[in-house]
Amino acid sequence: MKNKALLIIDMQKGSFTPKTPRFDTTGVINRINTLAKLFRKHNYPVIYIQHDGTGSGEFEKGSIEWQNLDELSIKPNDIFIDKYANDVFYKSKLQSRLSEFNINELIITGCATDFCVESTIQSALTKDYNITVAENGHTTGDRPNLKAQEVINHYNWVWQNMIPTQGKIEVKKTEHITQNL
């Protein structure tokens, strides 16, 4: 039996400001909420990852920018993990929590596609997880050489073409994930 968990990475107020607009924010939030509701229905863990920049002056734990977006439908039984680098696994409690629930499959969503989402996917791949990236469940902003939509499309392509380890990696639209959960 596959034990799945939904990772929701860095959907925090400090990442979604007028100075840092993100592609399709409302759509991404709605798709994350849909996945979270379905995961809870099946008793799979919903894990919110929050960047903790304590001591850096940004994303200080407990600050407004550290808080998750109000539009996310967070429930009391959801799990919260602090992260300290782009890779969620780095010095966080994520690995121990996944082991505690005997998780071997991750569905990954969040912000930012080209930083924390990408880094976490690479790390999870080397840890032999089965990974499904929600193709339309992650976002980023425009970059100096690429528009946000181009960055998202590029990474969806990269992930679809990665060489898996003992696990697998797939990129699927949220609608497809919900039909096959």
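The coordinates are above.
Residues numbered from 1 in each chain as written. Predicted model: local features only at pLDDT ≥ 70, side-chain atom pairs only at ≥ 80, totals over all residues. Heavy atoms only, no water.

Caption draft 1: A look at the pattern of salt bridges. Tallying each qualifying case throughout the model produces 11 salt bridges. A salt bridge links D10 to K83; the shortest N-O distance between them is 3.1 Å. You can see D10 sitting in the loop between β1 (4–9) and α1 (25–41) and its partner K83 sitting in strand β3 (residues 79–83), a full 73 residues away along the chain. Per residue, the accessibility class of D10 equals that of K83, and both read buried. (Salt bridge = Lys/Arg side-chain N within 4 Å of Asp/Glu carboxyl O. Helix = DSSP H or I, 4+ residues; strand = E, 2+ residues; numbered from the N terminus. Buried < 20%, exposed > 50% of the residue type's maximum accessible area, 1.4 Å probe, protein only.)

Caption draft 2: Local environment of the side chain of K83. With relative accessibility at 1%, the residue K83 sits in the buried group. Excluding residues within four positions of it along the chain, K83 makes contact with I9, D10, I49, Q50, H51, D52, V88 and C116. (Contact = heavy atoms within 4.5 Å.)

Caption draft 3: Looking closely at the packing of aromatic side chains. A complete count under the given rule lists 4 aromatic pairs for this structure. Each ring, one from Y48 and one from F80, has its centre 5.6 Å from the other, and the planes form 20 degrees; the classification is stacked. Of the two residues, Y48 sits in strand β2 (residues 46–51) while F80 sits in strand β3, which places them 32 residues apart along the sequence. Exposure remark for Y48: the relative accessible area of 0% places this residue in the buried category. (Phe/Tyr/Trp six-rings, centres within 6.5 Å; stacked < 30°, edge-to-face > 60°.)

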